[in-house]
Amino acid sequence: MPTVQHNASLGIGKRARYVPLFDTNIPTQYFNFANYEEIKSRSESTKLLTDFIGRVKKHWPSTTRTNKRLRKIDMEDDRENPIQITLWLEKRDLIGNETIPGDILAITSTLVTDFQGATVPLHLSCTDKRDLCVP
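Summary of the structure given here. Every chain is numbered independently, its residues counted from 1 as its sequence is written. Thresholds applied to this predicted model are a pLDDT of at least 70 for local features of residues and 80 or more for the giving and counting of side-chain atom pairs; totals over whole chains, interfaces and linings are not thresholded and use all residues. Water and hydrogen atoms were dropped before computing side-chain values, which therefore reflect all heavy atoms in the structure.

1. Let's talk about the overall build of the protein chain
For step 1, the next point in the chain: Secondary structure elements are defined from DSSP: runs of H or I of at least 4 residues count as helices, runs of E of at least 2 residues count as strands, and each element is numbered from the N terminus. In terms of regular secondary structure, the protein chain is built from 1 helix and 6 strands.
For step 2, the next point in the chain: Starting at the N terminus and walking to the C terminus, you meet the elements of the protein chain as α-β-β-β-β-β-β.
For step 3, the next point in the chain: Classification of residues uses two cut-offs on accessible area relative to the type maximum, computed with a 1.4 Å probe and protein chains only: under 20% is buried, over 50% is exposed, and between them is partly exposed. Per-residue burial over the protein chain gives 32% buried out of 135 residues.
For step 4, the next point in the chain: Contacts are assigned to residue pairs that have any heavy atoms within 4.5 Å of one another. Sequence-distant contacts, at least 24 apart, represent 59% of the contacts inside the protein chain between residues at least 6 apart.
For step 5, the next point in the chain: When the accessible surface of the protein chain is split by element, carbon and sulfur atoms take 51% of a total near 9,700 Å². Surface accessibility in these figures is a Shrake-Rupley result with a 1.4 Å probe; residues are shielded only by whichever protein chains are displayed.

2. Let's talk about the pattern of salt bridges
For step 1, the next point in the chain: Every case where a carboxyl oxygen of Asp or Glu lies within 4 Å of a side-chain nitrogen of Lys or Arg is listed as a salt bridge. Going through the model one piece at a time under the given rule, you end up with 4 salt bridges.
For step 2, the next point in the chain: Between arginine 69 and aspartate 93 there is a salt bridge, with its nearest N and O atoms 3.8 Å apart. Of this pair, arginine 69 sits in strand β2 (residues 69-76) while aspartate 93 sits in the loop between β3 (82-88) and β4 (104-113), placing them 24 residues apart in sequence.
For step 3, the next point in the chain: Residue arginine 69 is classed as partly exposed on the basis of its relative accessible area of 47%.
For step 4, the next point in the chain: The residue aspartate 93 makes a salt bridge to arginine 92 at a minimum N-O spacing of 3.8 Å.
For step 5, the next point in the chain: Salt bridges linked by common partners bring Arg55, Lys57 and Glu76 together as one network.

3. Quick word on the environment of serine 125
For step 1, the next point in the chain: Positionally, serine 125 belongs in strand β5 (residues 122-126).
For step 2, the next point in the chain: You can call serine 125 buried: its relative accessible area is 13%.
For step 3, the next point in the chain: The contacts of serine 125, once residues within four sequence positions are left out, are Thr86, Trp88, Thr110, Leu111 and Thr113.

4. A word on the nonpolar core
For step 1, the next point in the chain: Counting residues in each nonpolar core, the largest one holds 17 residues, and the members touching the most others are Ile39, Phe52, Ile73, Met75, Ile83, Ile85 and Leu124.
For step 2, the next point in the chain: Put simply, the parts of the chain that give this core at least two residues each are α1 (36-42), β1 (49-63), β2, β3, β4 and β5. Residues enter a nonpolar core if they are buried and are Ala, Val, Leu, Ile, Met, Phe, Trp, Tyr or Cys, with the set joined through side-chain atoms within 4.5 Å.

Written out as structure tokens, the structure is:
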């Protein structure tokens, strides 16, 4: 299963070379926002990276049983379908008290997860490798 929805793939062998590009016209962000139904269908396969944009309902810091700190964000899409986001590791501090209910957040490269069998709300997980944009 691919990580990104695309028909092409790129194989990089041991003879590949890395050449830095210094052109500032290369876009740094690209979004392919998934709607609620797409996210729902991805819950069966958690390997596909998912971008989501929605409205913040509430957010709060939390701690796992193993003392890992995280932040939960309850969001909704434009049709008021509930989505819950978990920010892990360093990403947990990107959302703080300045983010209030009604703010719009764009979160990229999340994974759809089925946490403890819960189906509502749908759940997206965001680790330290993911991006969070606050427009």
